[in-house]
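Understanding the architecture of this molecule
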Amino acid sequence: MSGVVEASLAELGLTLPEVVPPLATYQPAVRSGAYVYTAGQLPMVAGKLPVTGKVGAEVSAEQAKELAATCALNALAAVKSVVGDLDRIARVVKVVGFVASAPDFTGQPGVLNGASELLGKVLGEKGVHARSAVGVAVLPLDAPVEVEIQVELVPGA
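Description of the structure in this document. (Residues numbered from 1 in each chain as written. Predicted model: local features only at pLDDT ≥ 70, side-chain atom pairs only at ≥ 80, totals over all residues. Heavy atoms only, no water.)

**Examining the overall build of the protein chain**
Condition: Elements are defined by DSSP. Helices are runs of H or I of four residues or more, strands are runs of E of two residues or more, and each kind is numbered from the N terminus. Just to be clear, the radius of gyration here is over C-alpha atoms, and the globule rule we use is 2.2 Å times residues to the power 0.38. Should any heavy atoms of two residues lie within 4.5 Å, those residues are counted as being in contact. Per-residue and other accessible areas follow the Shrake-Rupley method at a 1.4 Å probe size, with only the shown protein chains counted as cover for residues.
Secondary structure summary: the protein chain contains 3 helices and 5 strands in total. The N-to-C order of helical and strand elements in the protein chain reads α-β-β-α-β-α-β-β. Here the protein chain has a C-alpha radius of gyration of 15 Å; the compact-globule value for 157 residues is 15 Å, and the two agree. With respect to the principal axes defined by its C-alpha atoms, the protein chain has extents near 45 × 30 × 25 Å. In the protein chain, the share of contacts with a sequence separation of at least 24, taken over all contacts with a separation of at least 6, comes to 81%. Total accessible area computed for the protein chain in this model is approximately 7500 Å², and 55% of it derives from carbon and sulfur atoms.

**Brief notes about the packing of aromatic side chains**
We apply this condition: Aromatic pairs are defined between Phe, Tyr and Trp rings, using the six-membered ring for Trp, whenever the two ring centres lie within 6.5 Å; interplanar angles under 30 degrees are classed as stacked, those over 60 as edge-to-face, and all others as tilted. Each residue's exposure class comes from its accessible area (1.4 Å probe, protein chains only) as a fraction of the maximum for that residue type: buried when under 20%, exposed when over 50%, partly exposed otherwise.
Enumeration according to the criterion identifies 1 aromatic pair in this entry. Between Y35 and Y37, the ring centres sit 6.4 Å apart and the planes meet at 40°, which makes this aromatic pair tilted. By relative accessible area, Y35 is classed as partly exposed at 29%. Using a relative accessible area of 35% as the deciding quantity, one classes Y37 as partly exposed.

**Let's talk about the packing of helix α2 (residues 61-83) against helix α3 (residues 108-123)**
To characterise two packed helices, one gives the angle between the axes of the helices and the distance between these axes. Heads up, the rule is: Only the contacting stretch of a helix is used when fitting its axis, a line to C-alpha atoms as for every element, and angles between N-to-C directions run 0 to 180 degrees. Orientation categories follow fixed angle ranges, with anything under 35 degrees roughly parallel, anything over 145 roughly antiparallel, 65 to 115 roughly perpendicular, and all other angles oblique. Handedness of a crossing follows from how the near helix is turned relative to the far one, being left-handed for an anticlockwise turn of less than a right angle and right-handed for a clockwise one. Residues are sorted three ways: Asp, Glu, Lys and Arg are charged, Ala, Val, Leu, Ile, Met, Phe, Trp, Tyr, Cys and Pro are nonpolar, and all the rest, Gly among them, are polar.
At a minimum axis distance of 7 Å, the contact between α2 and α3 shows a crossing angle of 45°. Relative to α3, the element α2 is oriented oblique. Read as a crossing pair, α2 and α3 show a hand that is right-handed. Touching A61, A64, K65, A68, A69, A72, L73 and L76 of α2 are G110, V111, L112, N113, G114, A115, E117, L118, L119, V122 and L123, all from α3. Its residues assigned to classes, the contact of α2 with α3 shows 14 nonpolar, 3 polar and 2 charged.

**Some remarks on the environment of T38**
Formally: We call two N or O atoms a polar contact when they sit within 3.5 Å, provided that within protein one can donate a hydrogen and the other can accept it, with sequence-adjacent residues counted only if both atoms are side-chain atoms.
When you line up the elements, T38 lands in strand β2 (residues 35-38). For T38, a relative accessible area of 7% translates into the label buried. Once the C-alpha coordinates of T38 and V145 are considered, the two residues, 107 residues apart in sequence, prove to be 15 Å apart. Of note is the side chain of T38, whose polar atom sits 2.9 Å from the backbone nitrogen of I149.

**Let's talk about the pairing of β2**
Selection rule: For two strands to be treated as a pair, DSSP must find no fewer than two bridges joining them.
Residues of β2 alternate between two faces, with V36 and T38 buried on one and Y35 and Y37 left unburied on the opposite face. Where strand β1 (residues 29-32) folds back onto β2 in an antiparallel hairpin, the turn is made up of 2 residues, including G33, whose phi is positive at roughly 60°. Note: β2 against strand β5 (residues 145-153), 3 bridges, orientation antiparallel. Paired with V36 across the two strands is V151, which belongs to β5.

**Some details on the nonpolar core**
Where we set the bar: Take the buried residues of types Ala, Val, Leu, Ile, Met, Phe, Trp, Tyr and Cys, join any two whose side-chain atoms come within 4.5 Å, and each joined set is a nonpolar core.
Ranked by size, the top nonpolar core spans 41 residues in total, and within it L76, V111 and I149 carry the most contacts. The leading source of residues in this core is α2, at 13 residues. With residues near it in sequence (within four places) discarded, I149 still touches V36, Y37, T38, A75, L76, V79, K94, V95 and L119. Grouped together as the second largest cluster of nonpolar side chains are 7 residues, L42, M44, A100 and A143 included.

Here it is as structure tokens:
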């Protein structure tokens, strides 16, 4: 069943993907009380990374920003796998993003804007969140970006 959030995705020309299977021993998302926490989501598309490498070297900041949006879309899919309906999201509380960065790359916040902007477009005011953008040496599978989100659910959801 498609709700308001998924209709918003469709208006943007986006489709919620299948949940990315875990790469190790963890769950894509877990619920604790009124919150859902996702595992770090890589920018997988149809089970593959569209590009690998370090941002500021093999991957441009603009490419990485698009990949961060893909990570956020995958995170929404993980949330839906736990709660069944994205309309149950009261708000996105926190986004944490990791950017595999070339040694001199300092544009991590701009890269993570891809995730933040997607959440804002899809969820409106409910998508406004706190955020951390962290540069790291390497990510799983040599992914350029990884994003995790925390959402609060509407009361009684």
